[in-house]
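Next come the chains, spelled out residue by residue.
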Amino acid sequence: MSDHRETIALSEAQPPLFVGIDVGGTNIKIGLVDDHGRTLGYLSIPTAAETGAEDASRRMGEAARQVIAAAGVNLRDVGRAGLGTPGTMDIPNGMLLEPTNIKNWRNFPIRDRVGFYLGLPVTFSNDAKAAAYGEYWIGSGRAMHSMVLITLGTGIGGGIIIGDLMVMGQHSHGSEVGHAIIDYRDDARECSCGQRGHLEAYAGANAVVKRTQEKLAAGRTSTLTARLAAGEKLTPLSIATEAAGGDALSDEIVMETARFLGIGIVSLMHTIDPTGVVLGGAMTFGGAGSELGRRFLERVREEVRRRAFEIPAAKTTIEFAQLGGDAGYIGAAGLARAEHRRG
């Protein structure tokens, strides 16, 4: 996704204003948004995980203050900040427990430390849940009262909103849609979490690459072979490129991924009965803007129609997300807005 985004001037903004912070393994995105979710200012800084969680908290606070000042806003005019981070967490206590891609940030009171450096109260959430709230607030789910976002990337994350409320869970582990079980066998594929049979183990980016490698090793012909012979690394992007170019094996992998995803979605539909399901993240095979992405989405829908109860199958919408990489900081700000409104 391009780093270009539409911003509005302070004179156009509807107060109160909110800061959203989206922590990734490589970069941290920080945005200032108004009461309608429109961006006034934005900054991306390196995560620099090796410097530690305390230093990152300081840099987040300072960068957020910089965004606020650059927009011509006083800190006192910002209602609250929202923070989304990867990994397991204790949301009520603001603790980041075990982020798998930022291993030296374990068991850290990140909510309160960011709040200390920023000078604002902070609402804490998982990053995928924050992205889900962003899509619900001003993206593909803005007309929905109940929705599921599934983020497709290295792993599979997600967020669930029911009756306008984000599902966090009693133990801060709600909405972990990537760990829904789609294969019960003892020899099912192993997930990054160490368990077997999870959706992520079949439809996450690592799984897409592994399934492709297995088919190539079994003797399947593919234009991917020439890429590998030239020293290229096998990635979902290279697989998508070859699939779009007519390579049968690559296309099979993409459509098989859609099938696995559809199976997982049906279980979520039968449990939650949402208005719609939204697919986002970096691995949407071109999304709505490409013929391959559109076929991928239609294959997901076909699997859902084949397996789901008749009425949900007919009425549940399944669409691509609209906010791209901005969903995380917008959703984090939206969750801060929701807590601000609750008082």
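Read on for a plain summary of the structure.

### Section: the nonpolar core
Okay, so step 1: Counting residues in hydrophobic clusters, the biggest one holds 46 residues, and the most contacted among them are Ile-150, Leu-261, Ile-265, Leu-279 and Phe-296.
Okay, so step 2: The element that contributes the greatest number of residues to this core is helix α8 (residues 248-272), accounting for 12 residues.
Okay, so step 3: Ile-265 has contacts with Ile-150, Val-277, Leu-279, Val-300, Val-304 and Ile-318, leaving out every residue within four places of it along the chain.
Okay, so step 4: Counting residues in hydrophobic clusters, the runner-up holds 36 residues, among them Ile-8, Leu-96, Trp-105 and Val-114.

### Digging into the sheet that holds strand β11 (residues 276-280)
Okay, so step 1: Sheet architecture is open: 5 strands sit in the order β10-β9-β8-β11-β12, paired in mixed fashion. Looking at the sheet topology across the chains shown, the edges are occupied by β10 (165-166) and β12 (317-320).
Okay, so step 2: Here strand β9 (residues 156-162) pairs with β10 via 2 bridges, running antiparallel. In the sheet register, Ile-161 faces β10, and the bridge partner there is Met-166.
Okay, so step 3: Of the strands in this sheet, β8 (147-152), β9, β11 and β12 are in contact with α8, which crosses β8 at around 155 degrees.
Okay, so step 4: On the sheet, helix α9 (residues 291-307) packs against β8, β11 and β12 and is oriented at approximately 160 degrees with respect to β12.

### A short note on empty space enclosed by the protein
Okay, so step 1: One pass over the full model with this rule turns up 1 cavity of 30 Å³ or more.
Okay, so step 2: Its volume calculated, the largest cavity comes out at about 30 Å³.
Okay, so step 3: Of the residues assigned to the lining of the largest cavity, the class counts are 1 nonpolar, 5 polar and 2 charged.

Calculation criteria
- Residues numbered from 1 in each chain as written.
- Predicted model: local features only at pLDDT ≥ 70, side-chain atom pairs only at ≥ 80, totals over all residues.
- Heavy atoms only, no water.
- Core = buried A, V, L, I, M, F, W, Y, C linked by side-chain atoms within 4.5 Å.
- Buried < 20%, exposed > 50% of the residue type's maximum accessible area, 1.4 Å probe, protein only.
- Helix = DSSP H or I, 4+ residues; strand = E, 2+ residues; numbered from the N terminus.
- Contact = heavy atoms within 4.5 Å.
- Pairing = 2+ DSSP bridges.
- Axes fitted to C-alpha atoms, helices over the stretch in contact; angles between N-to-C directions.
- 1 Å grid on protein atoms, 1.4 Å probe; cavity = no way out; pocket = protein on both sides within 12 Å on 5 of 7 lines; lining within 4 Å.
- Points joined across faces, edges and corners; volume = space filled by probe spheres on them.
- Nonpolar A, V, L, I, M, F, W, Y, C, P; charged D, E, K, R; others polar.

Distances and angles like these do not, on their own, reveal function.
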